[in-house]
Amino acid sequence: MKDTYKAVEVSEPGVLRVVERQFSEPRAGQVRIRVEACGICHTDAATVMGVYPGLTLPRVLGHEVIGRIEPLGAGVSRWKIGHRVGVGLIAGEDGMCEPCRRGDIVNCQNPVVSGVTVDGGYAEVMIAEARAITSVPDQLTSAEAAPLLCAGITTYNALRNAGRGGDLVAVQGIGGIGHLGVQFARQLGFHTVAIGRGGEEKLAKDLGAHVYIDTAVD
Ligand SMILES: [Zn+2]
Ligand SMILES: [Zn+2]
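Since the model is a prediction, treat every value here as computed from it, not as a measurement. (Residues numbered from 1 in each chain as written. Chains lettered and ligands numbered in written order. Predicted model: local features only at pLDDT ≥ 70, side-chain atom pairs only at ≥ 80, totals over all residues. Heavy atoms only, no water.)

Engineer: Mind showing me how you'd approach the pattern of salt bridges here?
Structural biologist: Note on pairing: side chains with opposite charge can pair once their charged atoms come close. Applying the stated criterion across every chain yields a total of 14 salt bridges. Note that Arg21 is salt-bridged to Glu9, the shortest N-O span being 2.8 Å. With Arg21 in strand S2 (residues 15-22) and Glu9 in strand S1 (residues 4-12), this pair connects stretches of sequence that are twelve residues apart. With its nearest N and O atoms 2.5 Å apart, the salt bridge here joins Arg21 to Asp119. Here Arg21, found in strand S2, pairs with Asp119, found in the loop between helix H2 (98-101) and strand S7 (125-129); they are 98 residues apart in sequence, far enough to count as distant. Among the residues examined, Arg21 registers a relative accessible area of 16% and is labelled buried. One connected set of salt bridges, linked through shared partners, spans Glu9, Arg17, Arg21, Arg59 and Asp119. (Salt bridge = Lys/Arg side-chain N within 4 Å of Asp/Glu carboxyl O. Helix = DSSP H or I, 4+ residues; strand = E, 2+ residues; numbered from the N terminus. Buried < 20%, exposed > 50% of the residue type's maximum accessible area, 1.4 Å probe, protein only.)

Below, the structure is given as structure tokens:
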């Protein structure tokens with residue numbers, strides 16, 4: 001096996017390059033995954049432009065990652081080699097800061113952030129914290145599952161905290177996030193209104209919207 005892998009890194013602000021990197025072994029509590037798919041998110045632009053807080057360059061971006069576990073680091077018992085798993089943006093908490101100690105780990109003050117503080121999934125392989133990866137059901141292809149790790153969590157979590165089935169929900173914009181929001185809203189039982197500009201009615205209805213509002217029409 002060759003001892004390097006391909007990755008796309010941000011070398012300096014505004015510069016993306018395909019590079020060969022040396023494999024590194026997972027440390028204690030980590031796994032290395034063989035990436036099968038990685039979504040593209042608008043937040044990636046903050047890495048490309050070098051403006052994400054805490055970012056250091058060079059950095060491999062990508063935080064909607066699906067892959068199969070290769071080697072396991074020391075102490076990792078829950079996962080096995082070959083498991084297909086996902087990695088999102090917030091990919092590890094320190095467990096020690098005040099929010100963590102209150103159980104609010106999503107607001108960790110020292111988080112591992114894929115594609116920002118550690119290398120992400122625009123690569124053939126990626127190192128991930130075992131405590132932050134998630135199992136991926138066989139029914140989903142890797143390409144289908146990848147956007148769920150950021151755009152999907154964002155919309156699903158907002159909707160499940162916003163109300164309950166039968167409520168009226170409007171989803172503004174039928175783009176990378178909105179097209180998932182419409183599907184979740186419908187499947188969660190909301191009366192779902194999609195709001196877009198122009199001829200997105202067929203897409204919105206196909207995704208499950210009850211009503212489509214075209215804001216480009218007076
Ligand atoms: Zn994202
Ligand atoms: Zn913390």
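Engineer: How should the coordination of the zinc ion (ligand 2) be read in this particular structure?
Structural biologist: Under perfect tetrahedral coordination by four donors, a metal shows angles of 109.5 degrees; under perfect octahedral coordination by six donors, it shows angles of 90 or 180 degrees. The zinc ion (ligand 2) binds to the protein through Asp94 (OD), Cys97 (SG), Cys100 (SG) and Cys108 (SG), with metal-donor distances spanning 2.0 to 2.3 Å. Geometry at the zinc ion (ligand 2) is tetrahedral, judged from the four donor atoms that bind it and their angles of 99 to 119° at the metal. In terms of primary sequence, the donors binding the zinc ion (ligand 2) are separated according to D-x2-C-x2-C-x7-C. According to the relative accessible area criterion, Cys100 is buried, its value standing at 9%. (Donors = N, O, S within 2.8 Å, 3.2 Å for Na, K, Ca; no water. Tetrahedral: all angles 85-135°; square planar, octahedral: opposite > 155°, others 65-115°.)

Engineer: What's the story with helix H4 (residues 151-162) in this structure? I'm lost.
Structural biologist: Each turn of an α-helix holds 3.6 residues, which means side chains three or four residues apart point in the same direction. Between its terminal C-alpha atoms H4 stretches 17 Å, which fits the 16 Å expected from twelve residues at 1.5 Å a residue. In this structure, the buried residues of H4 make contact with strand S9 (168-172) and helix H5 (178-187). (Expected span 1.5 Å × (residues − 1). Contact = heavy atoms within 4.5 Å.)

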